[in-house]
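# Examining the three-dimensional arrangement
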Amino acid sequence: MKKLDKFILKSFIGPFIAILRVVVFILMMQFLWLYIDELVGKGLSFKVILEFLGWGSATLLPLSLPLATLLASMMTLGTLGENNELLAIKAAGISLTRVLTPLCIVSFAISVGAFFISNDLIPVAYNKIYTLRDDIGRTKEEIKIPTGSFYNGIDGYILRVDERDDKTGMMHGVMVYNHTGNKGNTSITLADSALMKMSKDKDYLSFVLYNGSNYEETNTKKYRDTTLQLQKIDFQKQEMIIPLKNYAFEKSDSVRYDDEVNSMNLKQLYHGQDSIGRLDSTARASNVVSIMNNRILRYSNQLDTAQVKPESRGNFENEELNQWKNLDQEIAALEKAKSNAEELQMTLMNYSRDRFHYTFTLRRIDIGILKKFALSIACFIFFFIGAPLGALIRKGGLGTPAIISVLFFVLYWVVDISGTKLARDGAVDPFTGVFISSYVLFPLGMFLSWKAINDSSIFSMDSFKSGFRKIKTKVMGFFKKTRIVYMGTPEFAVAPLDELIRNGFDVVGVVTVADKASGRGLKVNESAVKKYAVEHGIPVLQPVSLKDPEFLDALKAWKPDLFVVVAFRMLPKVVWEIPKLGTFNLHAALLPQYRGAAPINWAVINGEKATGVTTFMIDDGMDTGNIMMREQCLIGPDETVGEVHDKLMEMGSALVVQTVEAILENNVEMRVQKSFIQGSEVLKPAPKITRELCHIDWNGRTKHIYNLIRGLSPYPAAFTELVKDDKVQQLKIYKSTKVEGQQLKQMLAECGKESAMAGEILSDGKNFLAFATADGAINVTELQVSGKKRMPVKDFLLGFREPQTWATTKGTSSNITGHHA
């Protein structure tokens, strides 16, 4: 055994023994208070009382052992944490699991010991204490004759004393009624004074009476003589002997309660289970036979498959069945059926009452058997609650950690008592009733152990406050919901709006752009947000000018509490200052980077590996307000802006809901955007996408052009212009691959070239179409010719002859991006 193990075991065993003694003593006081009335006033010797309390303390071990295990393990780990010893152990590279290993072994040993205590010691203790209680109960209280009232505490006698001298013990004004032999009030002794003395063995009481008289009537009547004879005898001193019984404690030589469930070990319980189970089975079989032979079941033989031939089974056809000649005959049949059913019900109830003793005793035996194992399991589970709790709280002693531990024990105790009672009453099966407390505590122990091993906090005040604010918001929202106005236009803004609606927020109106006519037929197009709002019956405003007085009046008429803006126009102050809770915007980038109209496109065009979504409060600037929440999103090396758009749309929807909840809970931490700038980080803008940006300049580097194509796909799409003679053909590129190094040499060889100028077309006319760049080539895989549909490059080459004879015009994208060769 290593020194660490010895140190940990020494830290545990000492407190365990001490706490076990304290717990037993405390519970013993409660036990004593419970039976104090049975012990006091009977003249019991100290030895008898001590024996009674000793066996009583043994019956308390099922409560004491789990509680001692819980407190000792909590105090051991808590003390180690409080003294920084646990920290030093972890710093040495020793995990908490390794620290708990020796304690687990000791806890297992305690659990095994608890089983033997439950099986061998506790049954004997219950047997002894039941016998002692019976012996003590038969012992009568000591004789204490009060003054001024009649005392009937002695069998066959009634006594009265007017006064008593406490110093000498002399009683004055004594009356003694002798009721032995059922004489009634026919024998009475009056004395001026008397002394009382009880024998050493408490088998008789001696009264020495002074200066008194004896009065006695015969109280007998004859057929002819109905007179009563009265005898009076005066005395100066008279001694009266009154025999006593059961005034001295007599201990039984043998125990008499070994047939009680609590007084049996497993072997005896299994024997009783088998014996009573056979009696119950026999009684049940007899009841079944009686019911089958009962006259009420007139078709019993027809229903008995053992007596009916196979070919006749299931043939219950009877043309006269349920057919009556008149209403009176039908009523009589129904009344008879009702009477038979009630009679059968009463018979079954009688059988159930007859077997109740068997079933109740069997349930108690089953509970007794399972309780033997439940104690061991409880000790082991409480170790996995106490030890992690001490490691997490890092406080030893009998302070707050002990109170928390006792609360866990009280939970176990209440659940265990309730489950046992339900099992005893037959409401649940014995296994569930006995082990329901283990069902409750085992997951709790595993959770605390997992928390302790991972060194994570079990209780956070911030989490508590946040939870309280959420509850408060829910309650307040039940009476008065926050009125939200949503502002947005494109498809990206639809998902956050839908998320707000699905989470039960009160969106009272939507603001979006005015409808516009576009296309060859000048068809009026509605924004995606408007279409969603109309489908869900949400009022819509479509102002041409955000400063229009009529629009402002209509907006204020909604009585908004909060504005949520996603992919909309820049709001003037007269709009965003309307709601009392403010106006926040969802921006598809990690601000302060990429402020502007096209943050997703520019993040991909610039080859960023990560972007994200940000919610911030709107102010006078362009995307410059204080930041509330941000969430990062990784960009794959080959992802297009469309794919990133969809990821950010889903992520942004959840962030909008979180931000609204935080605002309503008043749990928002505002941070200025400058605080997110690291060192000499350069801020990159995200201006509108223009035609000049989309026109590819093949003089750029391969990776820049590849990122440009990804950052503009699928909309508005990067393009190049092909020219031949007087023909100009615009080619939109949606998907491509980079061609560099050995792959470029192979492509040039297939085209019969050693090198190529930037913008030169490389193609075999069937399988690939590429454009040379300053340091490689871009191989187009999916494209669209103006006036045609989007298609794979192979389909395009089927109708595009001699592509290498075409040239490209000079692009302008490098002038916008600044990415030159």
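Just above, that's the structure.
The following refers to the structure shown.

The next subject is the environment of Glu661. Within the secondary structure, Glu661 sits in helix α17 (residues 641-664). Separated by 156 residues in sequence, Glu661 and Phe505 place their C-alpha atoms 9.6 Å apart.

Time to look at α17. Taking 1.5 Å of rise per residue, the 24 residues of α17 would be expected to cover 34 Å, and the 33 Å separating its terminal C-alpha atoms lies within 8% of that figure. Positive backbone phi, at 55°, marks Asn666, one or two positions downstream of α17.

The final tally for this structure, using the stated rule, is 1 cavity of 30 Å³ or more. Taken together, Ile605, Asp697, Gly700, His704, Ile705, Leu708, Ser813, Ser814, Thr817 and His819 make up the full set of residues lining the largest cavity. The set of elements that each furnish at least two residues to the lining of the largest cavity consists of α19 (702-711) and α22 (813-817).

Attention shifts here to the layout of surface pockets. In this model, the largest pocket occupies a volume close to 1,600 Å³. As for the largest pocket, its lining consists of 50 residues, and the residues nearest its centre are Pro490, Ala567, Ala597, Ala598 and Asn601. Put simply, the parts of the chain that give the lining of the largest pocket at least two residues each are β9 (516-518), β13 (583-587), α16 (599-605), α17, α18 (691-694) and β19 (727-739). When the residues that make up the lining of the largest pocket are grouped by side-chain class, the tally is 27 nonpolar, 13 polar and 10 charged. Taken as a whole, the second largest pocket spans an internal volume of roughly 1,400 Å³. Around the second largest pocket, the lining is made up of 35 residues, and of these Thr59, Pro62, Leu63, Tyr126 and Lys371 lie nearest the centre. Of all the elements in the fold, those that place two or more residues in the lining of the second largest pocket are α1 (3-39), α3 (61-82), α5 (96-138), α8 (327-393) and α9 (400-425). Counting residues per element, the lining of the second largest pocket draws most heavily on α9, at 10 residues. Here the residues of the lining of the second largest pocket sort into 22 nonpolar, 6 polar and 7 charged.

A separate point is the packing of aromatic side chains. The full count for this structure, using the stated rule, is 15 aromatic pairs. Note on Phe383 and Phe384: the rings are 5.1 Å apart at their centroids and 80° apart in plane angle, and the pair reads as edge-to-face. This pair shows no difference in class: Phe383 is buried, exactly as Phe384 is. Chaining the aromatic ring pairs together yields one cluster made of Phe108, Phe380, Phe383 and Phe384. Positioned over the ring face of Phe150 is Arg160, at 5.2 Å from the centre of the ring.

Should their charged atoms come close, side chains of opposite charge can pair. Under the counting rule described, the total for this entry stands at 16 salt bridges. A salt bridge links Asp280 to Arg355; the nearest nitrogen and oxygen atoms lie 3.1 Å apart. Placement of Asp280 in helix α6 (residues 266-292) and of Arg355 in helix α8 is noted, with a sequence separation of 75 residues between them. For Arg355, a relative accessible area of 18% puts it in the buried group.

Let us now look at the sheet that holds strand β5 (residues 204-217). The 6 strands are arranged β1-β2-β3-β4-β5-β6 in an open sheet whose pairing can be described as antiparallel. Unpaired on one side and paired on the other, β1 (150-154) and β6 (230-243) mark the two borders of the sheet. The mean inter-strand angle of the sheet, taken between neighbouring strand axes irrespective of direction, is 30°. Bridge analysis of β1 against strand β2 (residues 157-164) gives 3 bridges, and the strand direction is antiparallel. Bridge pairing links Ile154 to Tyr157 in β2.

What follows is about helix α14 (residues 549-557). Every α-helical turn comprises 3.6 residues, leaving residues that sit three or four positions apart pointing alike. Among all positions in α14, only Phe551, Leu552 and Leu555 are buried. One face of α14 carries all of its buried residues, which in axial projection span an arc of 100°. The exposed residues of α14 that point more than 90 degrees off its buried face are Pro549, Glu550, Asp553 and Ala557. The distance from a side-chain oxygen at the start of α14 to the backbone nitrogen of Glu550 is 3.2 Å, and the residue carrying that oxygen is Asp548.

Moving on, we come to the sheet that holds strand β7 (residues 483-488). Taken in spatial order, the 7 strands of this open sheet run β11-β8-β7-β12-β13-β15-β16, and their pairing is mixed. Edge positions in the sheet fall to β11 (540-541) and β16 (627-634), since each of these pairs with one other strand and no more. As judged from the 5 bridges shared by β7 and strand β8 (residues 506-511), these two strands associate in the parallel manner. Residue pairing in the sheet places Tyr486 in a bridge with Val510 of β8. Lying on the sheet, α17 is in contact with β7, β12 (562-566), β13, β15 (610-617) and β16; it crosses β16 at an angle near 155°.

Each value, and the rule that gives it
- Residues numbered from 1 in each chain as written.
- Predicted model: local features only at pLDDT ≥ 70, side-chain atom pairs only at ≥ 80, totals over all residues.
- Heavy atoms only, no water.
- Helix = DSSP H or I, 4+ residues; strand = E, 2+ residues; numbered from the N terminus.
- Expected span 1.5 Å × (residues − 1).
- 1 Å grid on protein atoms, 1.4 Å probe; cavity = no way out; pocket = protein on both sides within 12 Å on 5 of 7 lines; lining within 4 Å.
- Points joined across faces, edges and corners; volume = space filled by probe spheres on them.
- Nonpolar A, V, L, I, M, F, W, Y, C, P; charged D, E, K, R; others polar.
- Phe/Tyr/Trp six-rings, centres within 6.5 Å; stacked < 30°, edge-to-face > 60°.
- Buried < 20%, exposed > 50% of the residue type's maximum accessible area, 1.4 Å probe, protein only.
- Lys NZ or Arg CZ within 6 Å of the ring centre and 35° of its normal.
- Salt bridge = Lys/Arg side-chain N within 4 Å of Asp/Glu carboxyl O.
- Pairing = 2+ DSSP bridges.
- Axes fitted to C-alpha atoms, helices over the stretch in contact; angles between N-to-C directions.
- Arc of directions from axis to C-beta.
- Polar contact = N/O pair within 3.5 Å; in protein donor to acceptor, adjacent residues only side chain to side chain.
- Contact = heavy atoms within 4.5 Å.

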